[in-house]
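# Architecture at a glance
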Amino acid sequence: MKIMKFGGTSVGKPERMHQVAQLITKDVSEPRIVVLSALSGTTNSLVAIGDAMASGNREQAKQLIDTLEAHYQSFIKELVKTDKLYVKAKSIVSEHFEFLNIILKISFSEALSKDILAQGELLSTKLFSVYLEEKGIDHMLLPALEFMTIDAQDEPQLSTIKVKLNRILQQNTDKKLFITQGYICRNSRGEVDNLKRGGSDYTASLIAAAANASVCEIWTDIDGMHNNDPRIVKKTVPVEQLSFEEAAELAYFGAKILHPTCIWPAQQQKVPVKLLNTMAPEALGTTITQEAGSVGVKAVAAKDGIITINIKSSRMLLAYGFLRKIFEVFEKYRTSIDMITTSEVAVSVTIDSGSNLTSIVKELEPFGTISVENDHTIISVVGNEIAQTKDILSKLFDALTPIPVRMVSYGGSKHNVSMLVPSSYKTQTLQLLNKGLFGLE
């Protein structure tokens, strides 16, 4: 069983959907489950519709719904050509937008918000199914809401997913091609829910683990994981092979091509993950496996929106249990810490969400003097065993002489050296590292 996931840009235009159909039928040596995201821009539009409804602005919500529906009406005119299947596609669009118009009259709730967000993936998969039907490609639509579940802590239930998914597959052994939705699922109450942003990658990885797949292919609009951010640095190169650990570090610290949660399920079942380019399917891309393939620096990633919290206390820092009490505050507010440094009189930590910042600071105040700094970026240099690589620190700091580095995390992971810099220095830092570590201008 092969899993193939296609993101929003890969299905965002009718001609792209046509191309996806060619890619998924190119190799028919094994059954395939194809995971689709919503059409590019759709989820953002649905979020805006939900926000307008939440604020009581029904008129704005109605305008947004009408604009999005017009986009889909134009889309299906280019997607299918036969009258019969155009009518079918039109009926699908009408059905989903009728639902959105009906909920304009219903009291807004969090559960309703999740129903709104699910419409994008439901639309993309149903319309793609119509196109496959037009082309005479035998397939089955596999509703993610029938097998993808999360528990009360919003964590996917892999064992349950495995049982439900395999039951469906065993009942349809005559089918070799399945189309399903990324992102959406049911929660512990049986309501429609989702796997949060980037959740389609997560869906694909969970399905790959549940089906014990031979490979999980993530198709995007870039040919694999690059050694640096190609949006910022002029010359970058794709990384041919990464270990699961290296890929997880890069994804967590800002490499946008892969969602951080995607690695864990595939790693559990040792399912290789391939990052491939829909626009250049012949490109090798990046393969992620148990083995790293080589030792040394592989890539650099940047994570923005970092907040630094400094706790200064000459009286309590060395006291037994002091750090535990600090960590308990962050645990209470379900806020993860990215980096930490300590000295004799101070502890500095970084977080990537300010949603509970006021409450956290208030609870930390009894421990000492608290100061908060915003607008920082974590720059992570990732590679196999780089913490043991000779001269890695000298190369890093030689390259970053002009950069005011605020914190350094070294030794906590053998695959990662991370530095905190003011966000205004992010571009310069990435460019200097590209030259200093990879010899690329």
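First, a word on what this report is: a plain description of the structure on this page. Since the model is a prediction, treat every value here as computed from it, not as a measurement. (Residues numbered from 1 in each chain as written. Predicted model: local features only at pLDDT ≥ 70, side-chain atom pairs only at ≥ 80, totals over all residues. Heavy atoms only, no water.)

### Looking at the overall build of the protein chain
The test is simple: Comment: elements are numbered from the N terminus, with helices defined as DSSP H or I runs of at least four residues and strands as E runs of at least two. The globule rule is 2.2 Å times the number of residues to the power 0.38, and the radius of gyration it is compared with is taken over C-alpha atoms. Relative accessibility thresholds used throughout: buried, under 20% of the residue-type maximum; exposed, over 50%; partly exposed, between the two (1.4 Å probe, protein chains only). Any pair of residues with heavy atoms lying within 4.5 Å of one another is described as a contacting pair. Only four residue types enter the tally: Lys and Arg on the positive side, Asp and Glu on the negative side; His and the chain ends are excluded. Here the site of a charge means atom NZ of a Lys, CZ of an Arg, CG of an Asp or CD of a Glu.
Looking only at helices and strands, one finds 13 helices and 16 strands in the protein chain. Its C-alpha atoms give the protein chain a radius of gyration of 24 Å, within 12% of the compact-globule value 22 Å for 441 residues. If you line up the protein chain on its principal axes, its C-alpha atoms span 75 × 50 × 40 Å. Looking at the 441 residues of the protein chain, the share that counts as buried comes to 51%. Partitioning the contacts of the protein chain with sequence separation of at least 6, the portion at a separation of at least 24 is 75%. With 47 positive and 49 negative side-chain charges, the protein chain shows a spacing of 1 Å between the two charge centroids.

### Section: the pairing of strand β10 (residues 286–289)
The line we're drawing: At least two DSSP bridges between two strands are required for those strands to pair.
Pairing of strand β8 (residues 241–243) with β10 involves three bridges; the strand directions are parallel. By the bridge assignment, Ser-243 is partnered in β10 with Thr-289. Of the pairings in the sheet, the one linking strand β9 (residues 273–277) to β10 comprises three bridges and is antiparallel in character. Residue pairing for β10: Lys-274 is matched across the bridge by Thr-287.

### Some points on the sheet that holds strand β15 (residues 407–413)
Using the following cut-off: Between N-to-C directions, angles span 0 to 180 degrees; the directions come from axes that are lines fitted to C-alpha atoms, helices contributing only their stretch in contact.
The six strands are arranged β12-β13-β11-β14-β16-β15 in an open sheet whose pairing can be described as antiparallel. Each edge of the open sheet carries a strand with a single partner, namely β12 (337–342) and β15. For this sheet the average axis-to-axis angle between neighbouring strands, irrespective of direction, equals 30 degrees. Across the face of the sheet, helix α10 (residues 322–332) comes into contact with β11 (296–312), β12 and β13 (346–351) while running at roughly 25 degrees to β13. Where helix α13 (residues 426–438) meets the sheet, its contacts fall on β11, β14 (369–384) and β16 (416–422), and the angle it forms with β11 comes to roughly 145 degrees.

### Some words on the side chain of Asn-227
The line we're drawing: Any N or O atom pair separated by 3.5 Å or less is treated as a polar contact, with the protein-specific requirement of one donor-capable and one acceptor-capable atom, and with residues adjacent in sequence counted only for side-chain atom pairs.
By the element assignment, Asn-227 lies in the loop between β7 (215–220) and β8. Of note is the side chain of Asn-227, whose polar atom sits 3.1 Å from the side chain of Asn-434. Here Asn-227 is in contact with Thr-236, Val-237, Val-239, Lys-298, Ala-299, Val-300, Asn-434, Phe-438 and Leu-440, once residues within four sequence places are set aside.

### Focus: the sheet that holds strand β2 (residues 32–36)
Strand pairing in a sheet relies on backbone hydrogen bonds. The paired strands run either parallel or antiparallel. Within the open sheet, the eight strands sit side by side as β3-β4-β2-β1-β7-β9-β10-β8. Their pairing is mixed. Whereas interior strands pair on both sides, the edge strands pair on one side only; in this sheet they are β3 (140–142) and β8. Within the sheet, the average angular offset between the axes of one strand and its neighbour, ignoring direction, is 20 degrees. Sheet strands in contact with helix α1 (residues 14–24) are β1 (2–6), β2, β4 (177–181) and β7, and its direction is about 170 degrees off that of β1. The sheet contacts of helix α8 (residues 244–252) involve β8, β9 and β10, and relative to β8 the element is tilted by about 90 degrees.

### Some remarks on the pattern of salt bridges
Here is the rule we go by: Salt bridges, as used here, are contacts in which a Lys or Arg side-chain nitrogen is within 4 Å of a carboxyl oxygen on Asp or Glu.
Taken as a whole and assessed by the stated rule, the structure comprises 18 salt bridges. A salt bridge links Lys-62 to Asp-66; the shortest N-O distance between them is 3.1 Å. Taken together, the residues span about one helical turn, with Lys-62 and Asp-66 both in helix α3 (residues 58–79) at a distance of four residues. When the shortest N-O distance is used, the salt bridge between Glu-328 and Arg-324 registers 3.0 Å. Of this pair, Glu-328 and Arg-324 are both found in helix α10, four residues apart, which corresponds to roughly one turn of the helix. Exposure remark for Glu-328: the relative accessible area of 38% places this residue in the partly exposed category. On the accessibility criterion, Arg-324 (46% relative accessible area) is partly exposed. Through salt bridges that share partners, Lys-2, Asp-27 and Glu-217 make up one connected network.

### Description of the packing of α1 against α3
The cut-off we apply is this: Roughly parallel covers angles under 35 degrees, roughly antiparallel covers those over 145, roughly perpendicular covers 65 to 115, and oblique covers all other angles. Helix crossings get a hand from a simple test, with the near helix turned counterclockwise from the far one by less than a right angle marking a left-handed crossing and a clockwise turn marking a right-handed one.
Between α1 and α3, whose axes approach to 8 Å, the crossing angle comes to 45 degrees. With respect to their mutual orientation, α1 and α3 come out oblique. Here α1 runs over α3; the crossing is right-handed. Within the contact between the two elements, α1 uses Pro-14, Met-17 and His-18 and α3 uses Phe-75, Glu-78 and Leu-79.

### Focus: the nonpolar core
Quick note on the threshold: Nonpolar cores were defined as sets of buried Ala, Val, Leu, Ile, Met, Phe, Trp, Tyr and Cys residues, with membership established by side-chain atoms within 4.5 Å.
Residues Phe-6, Ile-24 and Leu-258 are the most contacted members of the largest nonpolar core, which totals 98 residues. Per-element tally for this core: the top contributor is helix α5 (residues 110–134), with eleven residues. Setting aside residues no more than four positions away along its own chain, Phe-6 makes contact with Val-11, Val-20, Leu-23, Ile-24, Val-34, Val-35, Leu-36, Ser-37, Trp-219 and Thr-278.

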